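# Observations on the three-dimensional arrangement
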Amino acid sequence: MDAHLQYPTGINHLQLPVKSSVAHAYSVESSCQGRQVSQYQGELPRLKEDKPGSGTSTWSSIKSLPRNISIFCRAVGKVSLVAYYFVKHHLFRVQFTSQHLQSYLQRLGSAYPKVLQAVVENPRLLKELGKELGKEWERKQISAVIQHVLANNPEIPVTVPRSILDKAGCKAYSVERHIETGTIRSCFEIKKDEESLVAKVVPDWKANDLAAGLKSIRMLLFFMPKEIRMAIREMTNPLIRQCNLKEEKKNQAAFKEALEQTEQTVRLDTLLPQATQLTFRVPKITEAVDADNLLIMEHLQDGHALNTLTNPQNQRLRSDVYQRCFGVHLVEDDLFKSVLDKVHFQVQKKWCELALGHGIVHGDCHPGNIMLSFKPGGHIYVWFNDFGHCITLTEAQRTQYPDIVHLLSSLADPFTPEAMDHTRLDRLVDTLWDEVAISHRANTPAHKLKFKNRLSEEFTKIRDLDLVLNRLADHASFSPEQKAQLRADCETTCFQREMKVIWLSIISACLGAVCQLEGIQLPSSFTRYISAYFRADVILD
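By convention here, each chain's residues receive numbers from 1 onward along its written sequence. The predicted origin of the model limits local features to residues at a pLDDT of at least 70 and limits the giving and counting of side-chain atom pairs to 80 or more, whereas totals for whole chains, interfaces and linings rest on all residues. The side-chain numbers reported here are obtained from all heavy atoms of the structure, hydrogens and water having been left aside.

## Description of the sheet that holds strand 5 (residues 276-281)
Operational definition: A pair of strands is labelled paired if DSSP reports no fewer than 2 bridges between them. By definition, any uninterrupted DSSP run of H or I lasting at least four residues is a helix, any uninterrupted run of E lasting at least two residues is a strand, and each is numbered from the N terminus. The angle between two axes is taken between their N-to-C directions and runs from 0 to 180 degrees, where each axis is a line fitted to C-alpha atoms and a helix contributes only its stretch in contact. Working rule for contacts: check all heavy atoms of both residues, and any pair within 4.5 Å makes them a contact.
Here five strands make up an open sheet; going across it, the order is 4-5-10-9-7 and the pairing mixed. Because the sheet does not close on itself, it has two edges, and the strands there are strand 4 (265-268) and strand 7 (303-305). The mean inter-strand angle of the sheet, taken between neighbouring strand axes irrespective of direction, is 30°. Where strand 4 and strand 5 come together, four bridges link them in antiparallel fashion. Paired with Leu268 across the strands is Thr276, a residue of strand 5. Each of strand 5, strand 7, strand 9 (370-375) and strand 10 (379-384) is contacted by helix 14 (residues 315-326), which is oriented at about 50° to strand 9, the strand it contacts most.

## Topic: the environment of Gly512
For clarity, the cut-off: Only protein chains enter the calculation, and the probe is 1.4 Å; a residue is then buried if its accessible area is under 20% of its type maximum, exposed if over 50%, and partly exposed in between.
Structurally, the position occupied by Gly512 is in helix 21 (residues 493-517). Residue classification places Gly512 among the buried residues on the basis of a relative accessible area of 13%. Between the C-alpha atom of Gly512 and that of Leu522, which follows or precedes it by ten residues, the distance is 8.5 Å.

## Describing the nonpolar core
Which entries qualify depends on this criterion: To qualify as a nonpolar core, a set must consist of buried Ala, Val, Leu, Ile, Met, Phe, Trp, Tyr and Cys residues joined through side-chain atoms within 4.5 Å.
Counting 85 residues, the largest nonpolar core has Leu372, Phe451 and Phe459 as the members making the most contacts within it. Not counting the four nearest positions on each side in its chain, Phe451 is found in contact with Val429, Leu432, Trp433, Leu511, Val514, Cys515, Glu518 and Ile520. In terms of nonpolar packing, the next biggest core, distinct from the first, is built from 24 residues, Tyr85, Leu116, Cys243 and Met297 among them.

## Comments concerning the sheet that holds strand 6 (residues 294-298)
A sheet is described by the order of its strands in space; here four strands give the open sequence 1-2-3-6, paired in antiparallel fashion. Two strands close off the open sheet at either side, each with one partner strand: strand 1 (174-181) and strand 6. This sheet shows a mean twist of 30° between the axes of neighbouring strands, independent of strand direction. Here five bridges tie strand 3 (residues 195-201) to strand 6, and the two strands are oriented antiparallel to one another. Across the sheet, the residue bridging to Val198 is Met297, located in strand 6. Those strands touched by helix 9 (residues 159-167) are strand 1, strand 2 (186-192), strand 3 and strand 6, and its axis lies near 120° from that of strand 1.

## Quick word on the pattern of salt bridges
Definition in use: Salt bridge, as used here: a side-chain nitrogen of Lys or Arg that lies within 4 Å of a carboxyl oxygen of Asp or Glu.
Under the criterion given, the structure shown has 24 salt bridges. Taking the shortest distance from any N to any O, the salt bridge between Lys448 and Asp434 comes out at 3.1 Å. Of the two residues, Lys448 is situated in helix 18 (residues 445-463) and Asp434 in helix 17 (residues 422-436); the sequence distance between them amounts to 14 residues. Note that Glu518 is salt-bridged to Arg454, the shortest N-O span being 2.6 Å. You can see Glu518 sitting in the loop between helix 21 and strand 13 (520-521) and its partner Arg454 sitting in helix 18, a full 64 residues away along the chain. Glu518 gets classed as buried once you look at its relative accessible area, which sits at 4%. When salt bridges that share partners are traced, they join Arg185, Lys200, Glu248 and Asp386 into one network.

## Considerations on the packing of aromatic side chains
Rules: Between rings of Phe, Tyr and Trp, where Trp is taken as its six-membered ring, a pair exists when centres lie within 6.5 Å; planes separated by under 30 degrees are stacked, by over 60 edge-to-face, and by other angles tilted.
In the structure shown here, the tally under the stated rule is 13 aromatic pairs. For the ring pair Tyr401 and Phe526, a centre distance of 5.3 Å and an interplane angle of 65° mean the geometry is edge-to-face. Of the two residues, Tyr401 sits in helix 16 (residues 395-411) while Phe526 sits in helix 22 (residues 524-536), which places them 125 residues apart along the sequence. Judged by its relative accessible area of 1%, Phe526 is buried. By the ring-pair criterion, three or more aromatic residues cluster together here, those being Trp351, Tyr401, Phe526, Tyr529 and Tyr533.

Right under this line is the structure:
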């Protein structure tokens, strides 16, 4: 990957020390929720107003028929490929290698690498995934293979951004060079009047390929339990939103406005030779173009993604930026890594401040979407990027959602010996049923009681730690020693604290399944709010 990556399209970060890949898979499946950022805003009248007329809906469906047929046919082809790979390696016992993984991800298209983004930077999870590879040196290569696939998508020719710019009325811009191609979006350096900018574009064929890949993933999971299928759907729905850059522009402007209402500069307490100062920023949108596949913004020529800086292979890059910022040679690499960890912690604090205090939630706040610019004198500029998953909350939701998250976390906490607090359960049900839900199949006391009883049953299962761990371990074919080690880890305070985010995502999927079974529709902003905790790696205390 280019050390001067400008606007990474999202190699994800999840630094949760999880011993079981299946446990993490459950959490990833329920980590991204919802359909539209502010489709409902929690108000039934607004929902009714937003519904299109029957004539408009019918015509829209007719127009999209050819595209849907094409996507379905391509999805069937991807399912056939996966079936072939399964037969080849599991029935005919062909040794699986890292080269196979790289080849398969490239053939299957953009959706499958996007799913693997969630595991790229979790060392323990990669180790579990690497057990599928027979040789030790192959297991060590798996992280590099996934990184390589994600960072080296086929480069899009400059004729593509040129065409998109022309259609958007931006003929005065010249396309200078390709910066980076992601699984969905691509970035190019463009110029106008000697000003260097970045154009983020989404070609139509990328959106179609992503849609076909997501459909194939859902087809493969058809025989999985209903809760898992729904969680996978909730996880993958927001990926389609990343193709619409017009929505991202609105989110970016709202996030920037909220950030400017906070204290943007903070001092960092470190052992570095100079005082370190962080300044939070959002890239400026420089051209108001009316296109859903083009975004033009300022160029961060000296910016580096946080996950790029923390990559163990990039020690030379860390040394260079350290010397530029502090004027001395980097002697202890671990010292600077600890500083980067503190920067990440400050980013999480700012995320919470904006979410709880200002109602703007960055739904994909991982280190791949955080960029750092190092300036002489100990100044570090922290840039938020990639606003396709942002959520805007109403005044009522700012109070309701955090309270619901804490209730869910405590009611289904498997690490506490106390019995379930039914007073809290009553409060949760009342809030969800009477205040948050935007529709009910039947809004009667009897159905509300049935909803409460089903939630109680599901939470009781989740609270049974041994039951959950046994299911996960059996599914992952753990040896008795591995199962014992996993159970022993659950006794440590550190592991319990870090597992809370994963457990919250499992609870979220469980709640979504119960609501669907009972005919209760919650605002998409709520389910996506819960998933944002997981993406930002914010642990509830």
